[in-house]
Amino acid sequence: MFTILLTFSDNRAKAPQFMEDHKQWISRGFDDGVFLVVGSLQPNLGGGILAHNTTFEELTRRVNSDPFVAEKVVEAEIIEITPARTDVRLEFLMA
């Protein structure tokens, strides 16, 4: 399981230019069964993603293909988490 932090950079003003492509990138992540949750980092610092069903290497390639990352609108950090215990509703993350 992974947490991806997409923190706005100094190029943040370019975000509107790449927003539609970024949204399509997010949709592909959900369609591929990799993204579980996507949301905003508060207060207006960027975005966060919870991902699974992938390897660190595959996820790194996916994140690097995000237009916001490629155009340096955000800086990406991928944090790998090995779940040790979950709520029953999240047991699928233990696989």
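What comes next is a walk through the structure. Counting restarts for each chain, with residues numbered from 1 along the sequence as it is written. Local features are withheld for residues below a pLDDT of 70 in this predicted model, meaning they are given only at 70 or higher, and side-chain atom pairs are given and counted only at 80 or more; totals for whole chains, interfaces and linings count all residues. Calculated side-chain values reflect all of the structure's heavy atoms, with hydrogen atoms and water omitted.

1. Quick look at the overall build of the chain
Basically, it comes down to this: Secondary structure elements are taken from DSSP: a helix is a run of H or I of four residues or more, a strand is a run of E of two residues or more, and numbering for both begins at the N terminus. Atoms counted for the radius of gyration: C-alpha only. Globule rule: 2.2 Å times the number of residues to the power 0.38.
Looking only at helices and strands, one finds three helices and four strands in the chain. Going from N to C terminus, the chain has its helices and strands arranged as β-α-β-β-α-α-β. What you see for the chain is a C-alpha radius of gyration of 14 Å, in line with the 12 Å of a compact globule of 95 residues. Principal axes of the C-alpha set define a box for the chain whose edges measure 40 × 25 × 20 Å.

2. Observations concerning helix H2 (residues 56–64)
Going by this rule: Accessibility here uses a 1.4 Å probe with only protein chains present; expressed as a share of the type maximum, an area under 20% marks a residue as buried, one over 50% as exposed, and anything in between as partly exposed. The arc in question is traced by the directions running from the helix axis to the C-beta atoms.
When H2 is considered as a whole, its buried residues turn out to be Leu59, Arg62 and Val63. All buried residues of H2 fall inside an arc of 95° around its axis, so they share one side.

3. Points about the sheet that holds strand S2 (residues 35–41)
Sheets are built from strands that pair by backbone hydrogen bonding, the pairs being arranged parallel or antiparallel. Which entries qualify depends on this criterion: When DSSP finds two or more bridges between two strands, those strands count as paired. Axis lines are fitted through C-alpha atoms, for helices just across the contact stretch, and the angle between N-to-C directions can take any value from 0 to 180 degrees. When checking whether two residues touch, look at their non-hydrogen atoms; a contact exists if any pair is within 4.5 Å.
If you walk across this open sheet you meet the four strands as S2-S3-S1-S4, and the pairing is antiparallel. Every interior strand has two partners, whereas the edge strands, S2 and strand S4 (74–80), have only one. Between one strand axis and the next, the sheet turns through 15° on average, direction left out of account. Examined bridge by bridge, S2 and strand S3 (residues 46–51) share six bridges and lie antiparallel to one another. Bridge pairing in S3 places Leu41 opposite Gly46. Against the sheet, helix H1 (residues 15–31) contacts strand S1 (2–8), S2 and S3, and its axis sits at roughly 155° relative to S2. Docked against the sheet, H2 engages S1, S2, S3 and S4, running at close to 165° with respect to S4.

4. Some thoughts on the pattern of salt bridges
The following threshold applies: A pairing counts as a salt bridge when a side-chain nitrogen of Lys or Arg comes within 4 Å of a carboxyl oxygen of Asp or Glu.
Within the structure shown, the criterion is met by four salt bridges. Of the charged contacts, one joins Lys14 and Glu71 as a salt bridge, the two residues approaching to 3.9 Å between their closest N and O atoms. Placement of Lys14 in the loop between S1 and H1 and of Glu71 in the loop between helix H3 (67–70) and S4 is noted, with a sequence separation of 57 residues between them. Assessed through its relative accessible area of 30%, Lys14 is described here as partly exposed. Between Asp87 and Arg89 there is a salt bridge, with the nearest N and O atoms lying 2.8 Å from each other.

5. A closer look at the environment of Pro83
Checked against the element boundaries, Pro83 lands in the segment after S4. Distance in space between the C-alpha atoms of Pro83 and Met1 is 7.4 Å, their sequence separation being 82 residues. In contact with Pro83, not counting residues within four places along its chain, are Met1, Leu93 and Met94.

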